[in-house]
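Chain by chain, the residues run as shown.
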Amino acid sequence: MLRTSRSVAAEVPDKAGSSRRGSARGVNPQTGDGPDAFVGYVHWLRGQVPELHLDIKRTIAEGDLVVTHSNLHLAPGDRGMAVADFWRLDGGRIVEHWDVIQEVPEEAANTNTMF
């Protein structure tokens, strides 16, 4: 099972990096390929935003894909961002990652939440 949560991706990026294959493909334009690039990006992000908090709301797994739907907070008390992370696995290791990020608006056209 993929364990990408606050304790792995945000607080212990080296552990998350070890679950990636050496040729892991990162599709986010802000990160490079491979586990070292992933770990480096997470360390950089945590340095820029030390109070980052990722609240995973749901996880869906099917075949070689795992999707997490999360609320990412960059500062305590902010509305955060809705994040969908898509992970492709091979042999229990991450080989590819995509993400989609949308800010949670102050006002919405309906009373539904994004989570």
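Residues numbered from 1 in each chain as written. Predicted model: local features only at pLDDT ≥ 70, side-chain atom pairs only at ≥ 80, totals over all residues. Heavy atoms only, no water.

## Some thoughts on the overall build of the protein
- Along its length, the protein carries three helices and five strands.
- What you see in the protein, going N to C, is helices and strands ordered as α-α-β-α-β-β-β-β.
- Excluding contacts between residues fewer than 6 apart, the proportion of contacts in the protein whose partners are at least 24 apart in sequence is 36%.
- If you sum the accessible surface of the protein, you get close to 7,200 Å²; carbon and sulfur atoms cover 50% of it. (Helix = DSSP H or I, 4+ residues; strand = E, 2+ residues; numbered from the N terminus. Contact = heavy atoms within 4.5 Å. Areas by Shrake-Rupley, 256 points an atom, 1.4 Å probe, with all protein chains shown as cover.)

## Notes on the environment of Y41
- With respect to the helices and strands, Y41 occurs in helix 3 (residues 35-48).
- Sequence-wise, Y41 and Q30 are 11 residues apart; in three dimensions their C-alpha atoms are separated by 8.0 Å.
- If we skip the residues at most four places from it in the chain, Y41 touches Q30 and T31.

## Here's the deal with the pattern of salt bridges
- Following the criterion strictly, the structure yields two salt bridges and no others.
- As a salt-bridge pair, D55 and K57 come within 3.0 Å of each other at their nearest N and O atoms.
- By relative accessible area, which is 24% here, D55 ends up partly exposed. (Salt bridge = Lys/Arg side-chain N within 4 Å of Asp/Glu carboxyl O. Buried < 20%, exposed > 50% of the residue type's maximum accessible area, 1.4 Å probe, protein only.)

## Some thoughts on the nonpolar core
- Grouped together as the largest cluster of nonpolar side chains are seven residues: F38, V39, V42, V66, W87, L89 and I94.
- Among the elements of the structure, helix 3 and strand 4 (81-90) are those that each provide at least two residues to this core.
- In terms of residues, this core owes the most to one element, helix 3, which gives three residues.
- Within the second largest apolar cluster, six residues are counted, among which are V49, L54, M81 and V83. (Core = buried A, V, L, I, M, F, W, Y, C linked by side-chain atoms within 4.5 Å.)

## Points about the pairing of strand 4
- Across the 10 residues that make up strand 4, a large majority, seven, are buried.
- Across eight bridges, the pairing between strand 3 (residues 65-73) and strand 4 is antiparallel. Counterpart to V67 in the pairing with strand 4 is F86.
- Pairing of strand 4 with strand 5 (residues 93-103) involves 10 bridges; the strand directions are antiparallel. (Pairing = 2+ DSSP bridges.)

## Describing the packing of aromatic side chains
- Summed over the entire model, instances satisfying the criterion amount to one aromatic pair.
- Lying over the aromatic face of F115, K57 brings its terminal NZ or CZ to 5.7 Å of the ring centre. (Phe/Tyr/Trp six-rings, centres within 6.5 Å; stacked < 30°, edge-to-face > 60°. Lys NZ or Arg CZ within 6 Å of the ring centre and 35° of its normal.)

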